[in-house]
Amino acid sequence: MDFKNLIAHCKEYGFVFQSSEIYDGLSAVYDYGPYGVELKNNIKSYWWKSMVQMHENIVGLDSAIFMHPKTWKASGHVDAFNDPLVDNKDSKKRYRADQLIEGYAEKIEAKTVKDVEKAKTRFGDAFDEKQFRETNDRIIERQKQIEAVLLRLSTAMGAGDMDELKNMIEDYEIVCPESGSRNWTEVRQFNLMFNTQLGNIAGEEGKLYLRPETAQGIFVNFLNVQKSTRQKIPFGIAQIGKAFRNEIVARQFIFRMREFEQMEMQFFVRPGSEMEWYDYWKQSRLNWHKALGTDASKLRFHDHANLAHYANAAVDIEYDFPFGFRELEGIHSRTDFDLSQHQALSGKKLQYFDPEMNENYVPYVVETSIGCDRMFLAMIANSLQEENVPDAEGADSLRTVMKLHPALAPVKVAILPLLKNKEELTKAASEIYDKLKLSFNCQYDEKDAIGRRYRRQDAIGTPYCVTVDFETLENDTVTIRDRDTMEQHRVKISEINNEVEDKVKMENLL
Ligand code: ATP
């Protein structure tokens, strides 16, 4: 399904709404509707169970959004959490200079894609795309151009060279997508942290930040957690919580938001063993994604070319979103940077006594960090489909179905009386609903023809529909319809619970 329709579907079916929509919305801020919140909670639960419940050496934490302002000085966010900002003087629109330049490279690639499409139609089945790309002179030339642009960009970004970014915008004659003009300001660093003010202290002293990542709450609590749980290294601390970033350009729906949620785990290890653990978590996190049945070709690793100031290795797990492969999760080897910085600025020791080595040290850290909202978007994109299926008369009809993993589905089972105005049926169906709701998130629906009700459940990803019909009244059986195959079979009312439980339980993923 294309991206526009996906966004419309999320709104129509109560998954995601624009924040404060009646006031024309607040850009890059979103609210989760009734089905959205269920899906999001299930994603969080899957993550939490895989991290905390499945590892005896990983424990949870819920730290505050506000932290002492020195935290962000120590972590480097005050000085270095910036994006390169450029304004167009005619349209007054703001852009990220690096994204404008990437857009320039993408436009070159788009020309190649067009040539490939044309050649495909011309040569038909005999067409070999790889060979075409490797031998066509124009395409080879363009590929060189793209590589040169990206190399120049990554060198400038790595060096924090704002003048060079401006030079690139000029050299490539990049225009403002809005006004079409080349009337740009200088490129300057823009800090992404939101700030606010404490009530009881005036001026700079009382300046507070909304956390741009949850990780720092884990670092400053490292010893509190270690001592209170008597964990031995290696061990991890996991946290799910809101983070805030004043993104300059926030497009692509919930992919890039100003308020979002992270699921982060910091794993504390012996110095020198971090690469071993980095490899372990890299694989372990990929497996977590694969367990959901996500097509392996839609997931890939992408090693960072420019490492952040705190990292000695970093990789992204990228997902093939409707707008291309983008970061879904990051795995970073953060060395002892954060703990050492907090130790230096707070004057408090943040060391661990290793009884086996009989030695004190500042542990090294391997982090896994995934955006809950991006995971949500990936799951919707991965599962939302339009299919041609036979209708009641056997003719072709289009259905929209969300083939979410049953453990993530917002509603697990819908209970539907075949007819609305037959009290025996609605009564029997209500009784089943009242029993099942103790175990699952269920829905009772009697409105409209049964076919339309099935379609509504398909559209929100409900894996099972239970239909109560006249045979139910005779022998206490119902039909269970499977969302994906649309096949139905009869089961005893007393067996519904087990059958559904078997398919929807989170255990299947762990
Ligand atoms: P990007 O390069 O896309 O801005 P990042 O490298 O800054 O992301 P990290 O700082 O590594 O991201 O954050 C960890 C995770 O948090 C990301 O993998 C992503 O899933 C999520 N995330 C980061 N920024 C946003 C945002 N603005 N909106 C939604 N999720 C985000």
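The rules behind the values
- Residues numbered from 1 in each chain as written.
- Predicted model: local features only at pLDDT ≥ 70, side-chain atom pairs only at ≥ 80, totals over all residues.
- Heavy atoms only, no water.
- Helix = DSSP H or I, 4+ residues; strand = E, 2+ residues; numbered from the N terminus.
- Buried < 20%, exposed > 50% of the residue type's maximum accessible area, 1.4 Å probe, protein only.
- Contact = heavy atoms within 4.5 Å.
- Areas by Shrake-Rupley, 256 points an atom, 1.4 Å probe, with all protein chains shown as cover.
- Salt bridge = Lys/Arg side-chain N within 4 Å of Asp/Glu carboxyl O.
- Expected span 1.5 Å × (residues − 1).
- Arc of directions from axis to C-beta.
- Pairing = 2+ DSSP bridges.
- Axes fitted to C-alpha atoms, helices over the stretch in contact; angles between N-to-C directions.
- Near = heavy atom within 4 Å.
- Polar contact = N/O pair within 3.5 Å; in protein donor to acceptor, adjacent residues only side chain to side chain.
- Nonpolar A, V, L, I, M, F, W, Y, C, P; charged D, E, K, R; others polar.

Visitor: Mind showing me how you'd approach the overall build of the chain here?
Guide: Looking only at helices and strands, one finds 17 helices and 23 strands in the chain. In terms of overall dimensions, the chain has a C-alpha envelope of 80 × 70 × 50 Å along the principal axes. Within the chain, the fraction of its 510 residues that count as buried is 49%. Put simply, of all contacts in the chain between residues at least 6 apart along the chain, 65% involve residues at least 24 apart. Accessible surface for the chain amounts to roughly 25200 Å². Of this, 48% is attributable to carbon and sulfur atoms.

Visitor: Just to check I follow, could you spell out the pattern of salt bridges for this structure?
Guide: Opposite charge on two side chains permits them to pair, given that their charged atoms come into close proximity. Enumeration according to the criterion identifies 42 salt bridges in this entry. Between Arg-96 and Asp-98 there is a salt bridge, with its nearest N and O atoms 2.9 Å apart. A salt bridge links Lys-403 to Glu-387; the shortest N-O distance between them is 2.5 Å. One end of the pair, Lys-403, is in the loop between strand 18 (396–402) and strand 19 (413–417); the other, Glu-387, is in strand 17 (residues 384–390), with 16 residues separating them in the sequence. You can call Glu-387 buried: its relative accessible area is 17%. Here the residues in one salt-bridge network are Glu-387, Arg-399, Lys-403, Arg-455, Asp-458 and Arg-481, joined through shared partners.

Visitor: Whenever I open this one, helix 17 (residues 493–504) confuses me. Can you help?
Guide: In an α-helix, one turn spans 3.6 residues; hence positions three or four apart end up facing the same way. For helix 17, spanning twelve residues, the distance from its first C-alpha to its last is 18 Å, which sits close to the expected 16 Å at 1.5 Å a residue. If you check which residues of helix 17 are buried, you get Ile-496, Val-500 and Val-504. All buried residues of helix 17 lie within an arc of 30° about the axis, which places them on one face of the element. Facing away from the buried side of helix 17 by more than 90 degrees, the exposed set consists of Ser-494 and Asn-498. On its buried side, helix 17 packs onto strand 19, helix 14 (423–436), strand 21 (464–468), strand 22 (477–482) and strand 23 (488–492).

Visitor: Please explain the sheet that holds strand 4 (residues 82–87) as it appears in this structure.
Guide: The strands making up a sheet associate through backbone hydrogen bonding, with each pair oriented either parallel or antiparallel. The strand order across the open sheet formed by three strands is 5-4-6, and the pairing between neighbours is antiparallel. The sheet is open, and its two edges are formed by strand 5 (94–96) and strand 6 (188–191), each paired on a single side. Each adjacent strand pair in this sheet contributes to an overall mean axis angle of 50°, direction not counted. Judged from the four bridges that link them, strand 4 and strand 6 form a sheet pairing that is antiparallel. In the strand pairing of strand 6, Asn-82 is matched with Asn-191. Along the sheet face, helix 5 (residues 97–123) touches strand 4 and strand 5 and points at about 70° away from the line of strand 5.

Visitor: Help me out: how do you make sense of the sheet that holds strand 11 (residues 299–303) in this one?
Guide: The seven strands are arranged 3-9-10-16-13-12-11 in an open sheet whose pairing can be described as mixed. The open sheet terminates on both sides in strands that have one partner only, identified here as strand 3 (58–61) and strand 11. Each strand of the sheet is rotated relative to its neighbour by a mean of 25°, with strand direction disregarded. Sheet analysis places strand 12 (residues 313–321) next to strand 13 (residues 324–335), joined by nine bridges and oriented antiparallel.

Visitor: How should I be thinking about the site of the ligand in this particular structure?
Guide: Inspection of the region around the ligand gives 15 residues, with Glu-247, Arg-256, Met-257, Glu-327 and Gly-371 positioned closest. Arg-374 places a polar side-chain atom, nitrogen or oxygen, 3.0 Å from an oxygen atom of the ligand. Surface burial for the ligand is 84%, taken as the share of its 590 Å² of free accessible area covered by protein chains. Among the elements of the structure, strand 10 (259–269), strand 13 and strand 16 (364–371) are those that each provide at least two residues to the shell around the ligand. Tallying contributions element by element places strand 13 first for the shell around the ligand, with five residues. Tallied by class, residues from the shell around the ligand come to four nonpolar, five polar and six charged.

Worth remembering: the numbers are spatial, not functional.
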